[in-house]
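Structural characterization, general
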Amino acid sequence: MATIICSGGHSFSDGEIPSPYEWTLISDINLGDALDKIIGQTRAGADIEAQAGVIMSSYGHIAYICPECKRLLVFENGIENPATSYRRE
Ligand SMILES: [Zn+2]
């Protein structure tokens, strides 16, 4: 669980599972690769239910939408590095 602080100074927790603020952004190319991996593991008999979310996340970027100002924070270089912030027009 972490406290996320948007560039507008608002803070919120990502501790709720599933989090209403967390998103996974996946490019079209990576989405196809992630689905291929999930399908492949399912056909191999793996219990994919627990792993599907992890696989999807590993092919995309974690992002949060601030509940106060609706800024989109995209962690393109991992959650341990600063996010790129996008504000609604
Ligand atoms: Zn905010």
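Structure: see above.
Now for a quick tour of the structure. Each residue is numbered by its place in its chain's sequence as written, counting from 1. pLDDT decides what is reported in this predicted model: residues at 70 or higher carry local features, side-chain atom pairs at 80 or more are listed and counted, and totals for whole chains, interfaces and linings draw on all residues regardless.

1. Concerning the pairing of strand β4 (residues 61-65)
- Pairing between strands is defined by DSSP: at least two bridges between the two strands are required. Secondary structure follows DSSP: runs of H or I at least 4 residues long count as helices, runs of E at least 2 residues long count as strands, and numbering of each begins at the N terminus. Bridge analysis of strand β3 (residues 22-25) against β4 gives 4 bridges, and the strand direction is antiparallel. Bridge pairing in β4 places L25 opposite H61.
- Two elements, β4 and strand β5 (residues 72-75), share 4 bridges in a ladder whose sense is antiparallel. Following the sheet pairing, A63 is matched in β5 by V74.

2. Structural notes on helix α1 (residues 28-43)
- Counted at 1.5 Å a residue, the expected span for α1 with its 16 residues is 22 Å, and the 23 Å between its end C-alpha atoms agrees.
- Of the residues one or two after α1, G45 is the one with positive phi, at around 90 degrees. To estimate how far a helix should extend, the number of its residues minus one is multiplied by 1.5 Å.

3. Thoughts on the environment of W23
- Topologically, W23 is positioned in strand β3.
- Any residue whose C-beta has 12 or fewer other C-beta atoms within 10 Å is treated as exposed, any with 20 or more as buried, and any in between as partly exposed, C-beta atoms being built from the backbone. Taking the C-beta count within 10 Å as the criterion, W23 has 16 such neighbours and is therefore assigned partly exposed.
- In this description, a residue-residue contact is defined by the distance between C-beta atoms placed from the backbone, which must lie within 7 Å. Among all residues touching W23, those that are not within four sequence positions of it are A63 and I65.

4. So, the environment of D28
- With respect to the helices and strands, D28 occurs in helix α1.
- Considering only alpha carbons, one finds D28 and V54, 26 residues apart in sequence, at a separation of 17 Å.

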